[in-house]
Amino acid sequence: LSLRFPQKLWKMLESDQFRSIWWSDGGKCVAINKDLFEVEVLGREGQQVFHTQKIKSFMRQLNAYGFTKMQRDFQRSASLPEFLSEEAAASAHSQILHYYNPSFNREHPWLLETCKRR
């Protein structure tokens, strides 16, 4: 049984297999290191996670499931792992994208069922 987009995204965030995507803002947002994500996830040969190799298509999927892009100020995360991830990404001149969906919250996994395609 193939997973829907939100479930795939959730499993990816909970896995320690990917460095290009993580929970931010205490599990309320998804943070994506765009450059690394394109290589690490979308550029995978043979074992694709999502049915696309283009970041724009992936972002359209996020939008279709109700995620909105967050504009970030220069505040950093309070948790050390998130802070270090953000710092490492920023120092590499990579663009970090943040997406929010009220039905996609690490502390409330039962809300994932309400995360539907528009």
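Further up the page is the structure itself.
To start, this report covers the structure provided alongside it. Because the structure is predicted, anything quoted here is derived from the model rather than measured.

Counting 26 residues, the largest nonpolar core has L9 and F37 as the members making the most contacts within it. For this core, the elements supplying multiple residues, two or more each, are α1 (5–14), β1 (21–24), β2 (29–33), α2 (34–42), α3 (55–64) and β4 (96–100). Tallying contributions element by element places α1 first for this core, with 5 residues. Excluding residues that lie within four positions of it along the chain, L9 makes contacts with I21, F50, F58, L62, F67 and F104.

Sheet architecture is open: 4 strands sit in the order β1-β2-β4-β3, paired in antiparallel fashion. Of all strands in the sheet, those bounded by a partner on one side alone are β1 and β3 (68–70). When the angles between neighbouring strand axes are averaged without regard to direction, this sheet yields 35°. Judged from the 5 bridges that link them, β2 and β4 form a sheet pairing that is antiparallel. Within β4, the residue paired with A31 across the bridge is H98. Across the sheet, α1 is in contact with β1 and β2; its angle to β1 comes to roughly 85°. Packed on one face of the sheet, α2 meets β1, β2 and β4 and runs near 80° to β2.

Looking now at unusual backbone geometry. Positive phi outside glycine occurs at D25, with the angle close to 50°. Locating D25 in the fold gives a position in the loop between β1 and β2.

Parameters at a glance
- Residues numbered from 1 in each chain as written.
- Predicted model: local features only at pLDDT ≥ 70, side-chain atom pairs only at ≥ 80, totals over all residues.
- Heavy atoms only, no water.
- Core = buried A, V, L, I, M, F, W, Y, C linked by side-chain atoms within 4.5 Å.
- Buried < 20%, exposed > 50% of the residue type's maximum accessible area, 1.4 Å probe, protein only.
- Helix = DSSP H or I, 4+ residues; strand = E, 2+ residues; numbered from the N terminus.
- Contact = heavy atoms within 4.5 Å.
- Pairing = 2+ DSSP bridges.
- Axes fitted to C-alpha atoms, helices over the stretch in contact; angles between N-to-C directions.

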